Amino acid sequence: MDEVSIAADLVDEAYLSLAHRQENFPHIQGLLEAFFLIQDSDTVYRDGQRWGLPIGPLRAPEEVLRDEHLAAREFFVPVEMADGSTATFPGAPYRFSGGFVARFVRRSSANTPKRC
């Protein structure tokens, strides 16, 4: 927060004390809200990662499809639909050593259990 000049008094040594932070929580929360409002989510996310904070952006579906982290890991996969068109779907959330990756398999409607 000091990098964007809104740390205010949060740099004071008094804030090293848990009791002091708890007593001043509304003040801290106000400064944190201002911090997040004046920056874009990508900047906050990357800075948070650099600082070792467990933080991540909340993204709209169309933003998720453009996420460079997921693209680099080839998370989204094209899936052929029943009509021959292709749609983008999330892939496996994990990869096994040796290169094994789970793949989508389209089943025909004849193999799909009927609902009652």
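Because the structure is a prediction, the values reported are computed rather than measured.

Caption draft 1: Inspection of the packing of aromatic side chains at higher detail. If you walk through the whole model with that rule in mind, you get two aromatic pairs. Measuring from ring centre to ring centre gives 5.2 Å for F35 and F36, while their planes differ by 70 degrees; the resulting arrangement is edge-to-face. Judged by its relative accessible area of 41%, F36 falls in the partly exposed class. Aromatic side chains F75 and F76 sit 5.0 Å apart centroid to centroid with 75 degrees between the ring planes, which places their arrangement in the edge-to-face category. The class for F75 is partly exposed, based on a relative accessible area of 21%. A relative accessible area of 22% means that F76 is categorised as partly exposed.

Caption draft 2: Spatial organisation of the pairing of strand β1 (residues 76-80). Of the two faces of β1, the one holding V77 and V79 is buried and the one holding F76, P78 and E80 is not buried anywhere. Alignment of β1 against strand β2 (residues 86-90), held across five bridges, turns out to be antiparallel. Across the sheet, P78 pairs through a bridge with T88, a residue of β2. The hairpin turn running from β1 into β2, its antiparallel successor, is five residues long, and G84 in that turn takes a positive phi close to 95 degrees.

Caption draft 3: Seen up close, the side chain of D47. By the element assignment, D47 lies in helix α3 (residues 41-50). Overall, the relative accessible area of 15% leaves D47 in the buried class. Of the polar contacts made by the side chain of D47, one reaches the side chain of R50; its length is 2.9 Å.

Caption draft 4: Just the pattern of salt bridges, in detail. One pass over the structure, following the stated rule, counts four salt bridges. Salt-bridge contacts for E68 lead to R46; the nearest nitrogen and oxygen are separated by 2.9 Å. With E68 in helix α5 (residues 68-72) and R46 in helix α3, this pair connects stretches of sequence that are 22 residues apart. Its salt-bridge partner being R50, residue D47 comes within 2.9 Å of it at the nearest N-O pair. Here D47 pairs with R50, and both are found in helix α3, just three residues apart, close to one helical turn. Salt bridges linked by common partners bring D42, R59 and D67 together as one network.

Parameters and conventions
- Residues numbered from 1 in each chain as written.
- Predicted model: local features only at pLDDT ≥ 70, side-chain atom pairs only at ≥ 80, totals over all residues.
- Heavy atoms only, no water.
- Phe/Tyr/Trp six-rings, centres within 6.5 Å; stacked < 30°, edge-to-face > 60°.
- Buried < 20%, exposed > 50% of the residue type's maximum accessible area, 1.4 Å probe, protein only.
- Helix = DSSP H or I, 4+ residues; strand = E, 2+ residues; numbered from the N terminus.
- Pairing = 2+ DSSP bridges.
- Polar contact = N/O pair within 3.5 Å; in protein donor to acceptor, adjacent residues only side chain to side chain.
- Salt bridge = Lys/Arg side-chain N within 4 Å of Asp/Glu carboxyl O.

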